[in-house]
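Chains, contacts and geometry: an overview
What follows is each chain in one-letter form.
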Amino acid sequence: MRYHRWRENAFLGRSDFLFSKVPHIVAGIYALVSAVWIAFSDRVLVSLAGGYSQYQHLQTYKGWLFVSVSALVMFQFLQSAWKAIFAAYETALESERRLELALASADGGVWELNLAEGQETIAFVSPQLTARLGLTSTQRLTMDELLRRRHPDDVERVDQTFEDFIKSGGTRSYDDRYRVRANDGSFRWVHSRGNIVSDKDGIARRMVGVSLDITGQMETEERVRQLLRYDPLTGLAKPQKFLSDIDDALAKMSPGGMLGIVQVKLLDLDKLIGDSETLEDATIIRIVGDRLQALAEAGFIACRVSTDIFAVATPAMKTPEAVQNSTRQILSVFSKPLQVDDRCVRLRFQMGGALSRQDGDNAHILLRNSGHALGKADRTTDAGIRWFTEGLDTESRKRNDRLRDLASAVPNGEIECYFQPIVDLATGQTAGFEALARWHRRDEGLVPPDQFIGAAEEFGLISEIGEEVLKQACHAAAQVACGFGTGAVRGGQCLTHSTRRPCFPRRRCARSCRKRVVSQPTGTGDHGECPCQATPRWRRNDLRP
């Protein structure tokens, strides 16, 4: 910029003090030069003039010379100064244009407050800001009108923030967000930042800053918060919001009060609704959500826990009987038929509940215990609530401990293979053995298969257990020294389930059989074959190593 080069290189531009005294310096130099010129030029003319007439002519020439030289010197000086002033003007205009473009792209403007009069008044507001409020270019925004336009919920906070900023004396920037009412009645979110401008004595005279219209940003943030707190399909609270509301209700509840949390599972709906809900299934969920939201007027709090599970908290009551009576309204929501696409749909469901404070003193425990009760609800009935008891919690903890230990049962060598003889009814002789998995848990002892086989299937551990049983069966078959052949060992629970899976290690099974099983004359049926070949749909080619 020429202005910056001038300030860096020109003598007058190196000092703000000298720059501010330029008029005095110019006037002083001009007066001094003029006085010297008048004093010495008259003496020279007197010595040169031969008479009065010639002296007058020389005096005239002297005046024209003084005017010409003065004009030339002033022209050179003013030309240089004007270039610097014009460069500064252009720089200011360019900076202003940049600021206007930046504020326009950010939906903002500048403002200035007058603090010198002891009361804050608006000295200037950008037209971009007033236009956002619906004001015309001729309308002026005053401080009183701005205060009246603030959102009632923001008044106290904004006043306190501004007061703290003024007391700080400008040691920190003013930064605040608030809502201002526009002429159409809507509220616009404004983000204002500014600082104090003081005079040379350190007295605050002005406050200058910028304000940005962040309505779109705040609305987006609010939508994100709503998505995090509420289910988009039903509008019901999500579990985190539900738990927070329950904790608040428990904190406000009287010492003798109690409330209940009921979880409801829609049967068979999980088979129809996958990751993407169909239109009809979504309609069913939405209708249920609308009915549960209608219960909010009576003090109920509802939540969608998962795809097909809802949770509802009753209002605070004085007795358990009153809580159970209030759950009839929840029961009616799910038992009442739904009208979906001109046809009547009746839901099948299960319900499990827990009461505060006897079943838990916070929302997390109550929701967990109601889930335990739901897991033990009778699947043969669609009515009634299975309430939580202390035994359910003990049973649930025991099951969770087993699941945790079951994951390491095979590496720890806790899976044992038991053999059950298979008798040929025609001959009465033992035709082979069936391999059965037994879990010898370290802290509990022998666990019945009906208490861990189902859990192993549910959590994907059955293949690992089945392979371990197969290895032990092959090893046992290699050590059997009897005449009914080596292939007479059949896998039981685990092998039956494992071999049906596409990921079952057929080649590994074949290798185990060749390594473990002693070679015997080839027989018919199961004798001499790999135990996994009991499944007739498999081909021998599948067992190639």
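Please read these numbers as outputs of a predicted model, since none were measured by experiment. (Residues numbered from 1 in each chain as written. Predicted model: local features only at pLDDT ≥ 70, side-chain atom pairs only at ≥ 80, totals over all residues. Heavy atoms only, no water.)

**Quick notes on the confidence of the model for the protein chain**
Going by this rule: Confidence per residue, as judged by the predictor, is encoded in pLDDT with a range of 0 to 100. Contacts are assigned to residue pairs that have any heavy atoms within 4.5 Å of one another.
Mean pLDDT over the protein chain works out to 78, with 79% of the residues at or above the 70 mark. The model gives residues 516–545 a pLDDT under 50, and that stretch makes 46 contacts with residues more than four places away or in other chains.

**A look at the nonpolar core**
Formally: Residues belong to one nonpolar core when they are buried, are Ala, Val, Leu, Ile, Met, Phe, Trp, Tyr or Cys, and are joined through side-chain atoms within 4.5 Å. Throughout, exposure labels follow a simple rule: accessible area from a 1.4 Å probe, protein chains only, divided by the maximum for the residue type, with under 20% read as buried, over 50% as exposed, and the rest as partly exposed. To qualify as a helix, a DSSP run of H or I must reach at least 4 residues; to qualify as a strand, a run of E must reach at least 2; elements of each kind are numbered from the N terminus.
In this structure, L292, F310, I330 and F334 are the most contacted members of the largest nonpolar core, which totals 28 residues. Put simply, the parts of the chain that give this core at least two residues each are β6 (260–266), α11 (279–294), β8 (309–313), α12 (320–335), β9 (338–340) and β11 (349–355). The biggest single contributor to this core is α11, with five residues. Setting aside its immediate chain neighbours within four residues, F310 contacts L236, V262, Q263, V264, L266, I285, V288, L292, C303, R304, V305 and F334.

**A few points about the environment of Q240**
Here Q240 shows up in helix α9 (residues 239–252). Owing to a relative accessible area of 59%, Q240 belongs among the exposed residues under this scheme. When the C-alpha positions of Q240 and V305 are compared, they lie 9.5 Å apart, and in sequence the two are 65 residues distant.

**Details of a nonpolar patch on the surface**
The condition that has to hold: Like-charged residues are merged into a patch within 9 Å and nonpolar side chains (Val, Leu, Ile, Met, Phe, Trp, Tyr) within 5 Å, provided each residue has over 30% relative accessible area and no salt bridge. Only the protein chains shown count as cover for residues, and all accessible areas are computed by the Shrake-Rupley method using a 1.4 Å probe. We define a salt bridge as a side-chain nitrogen of Lys or Arg found within 4 Å of a carboxyl oxygen belonging to Asp or Glu.
Nonpolar side chains collect at one region of the surface, where V26, Y30, M74, F77 and L78 lie side by side and expose about 440 Å² of accessible area between them. If you list the elements that add at least two residues to the nonpolar patch, you get α3 (22–48) and α4 (52–105). Of all the elements, α4 adds the most residues to the nonpolar patch, at three residues. With respect to the helices and strands, M74 occurs in helix α4. Take M74: its relative accessible area is 42%, and that puts it in the partly exposed class.

**A closer look at the sheet that holds β8**
So the rule is basically this: In this description, strands pair whenever DSSP reports at least two bridges between them. Here an angle of 0 to 180 degrees is reported between the N-to-C directions of two axes, which are lines fitted to C-alpha atoms, with helices fitted over the stretch in contact.
Spatially, the five strands line up as an open sheet ordered β7-β8-β6-β11-β12, and their pairing is mixed. Each edge of the open sheet carries a strand with a single partner, namely β7 (301–304) and β12 (386–387). Contacting β6, β7 and β8, α9 crosses the sheet at an angle of about 160° to β7. Lying on the sheet, helix α13 (residues 363–375) is in contact with β6, β8, β11 and β12; it crosses β11 at an angle near 140°.

**Structural notes on helix α7 (residues 155–168)**
So the rule is basically this: Expected span of a helix: the number of residues minus one, times 1.5 Å. As used here, the arc is the angular range of directions from the helix axis to the C-beta atoms.
Between its terminal C-alpha atoms α7 stretches 20 Å, which fits the 20 Å expected from 14 residues at 1.5 Å a residue. Of the residues making up α7, those classed as buried are V158, F162, F165 and S168. All buried residues of α7 project into a common sector of 120° when viewed along the axis, lining one side. Facing away from the buried side of α7 by more than 90 degrees, the exposed set consists of E156 and K167. Elements that come into contact with the buried residues of α7 comprise β1 (108–114), β3 (174–181), β4 (187–198) and β5 (204–213). A positive backbone phi angle near 70° is found at G169, which sits one or two residues after α7.

**What to know about the packing of aromatic side chains**
Where we set the bar: Any two rings among Phe, Tyr and Trp, with Trp reduced to its six-membered ring, count as a pair given centres within 6.5 Å; such a pair is stacked if its planes are under 30 degrees apart, edge-to-face if over 60, and tilted if neither.
Applying the stated rule across the entire model yields eight aromatic pairs. For the pair F162 and Y174, a centre-to-centre distance of 5.9 Å together with 80° between the ring planes defines the contact as edge-to-face. Linking F162 in helix α7 with Y174 in strand β3, this pair joins segments that are 12 residues apart in sequence. F162 sits in the buried class, given a relative accessible area of 19%. Here Y174 falls in the buried class, since its relative accessible area comes to 6%. Both rings, one in W439 and one in F452, keep their centres 5.8 Å apart while their planes meet at 70°; by these two values the pair is edge-to-face. Residue W439 is found in strand β14 (residues 430–441), and its partner F452 is found in the loop between β15 (445–447) and α15 (453–458); the two are separated by 13 residues along the sequence. In terms of burial, W439 and F452 fall into one category: buried. One aromatic cluster in this structure is built from Y30, W37 and F66.

**Structural notes on the pairing of strand β2 (residues 121–125)**
Relative to β2, β1 runs antiparallel, the two being bridged by four bridges. When the sheet's bridge partners are listed, N114 is paired in β2 with T121. Count of turn residues in the β1/β2 antiparallel hairpin: six residues, of which G118 carries a positive phi of about 85°.

**Here's the deal with the pairing of β5**
In this structure, β1 lies alongside β5, joined through seven bridges in antiparallel fashion. Looking across to β5, one finds that W111 is bridged to G209. Sheet topology note: the β4/β5 ladder contains nine bridges and is antiparallel. Residue S192 lies in a different strand from β5, and its bridge partner there is S211.

**Let's talk about the pattern of salt bridges**
Taken as a whole and assessed by the stated rule, the structure comprises 19 salt bridges. Between D213 and R188 there is a salt bridge whose closest N-O contact spans 2.9 Å. Residue D213 is found in strand β5, and its partner R188 is found in strand β4; the two are separated by 25 residues along the sequence. As a salt-bridge pair, R225 and E222 come within 2.8 Å of each other at their nearest N and O atoms. Placement of the pair is R225 and E222 together in helix α8 (residues 215–229), with a separation of three residues, close to one helical turn. Here R225 falls in the partly exposed class, since its relative accessible area comes to 35%. On the basis of relative accessibility, which here comes to 32%, the residue E222 falls in the partly exposed class.

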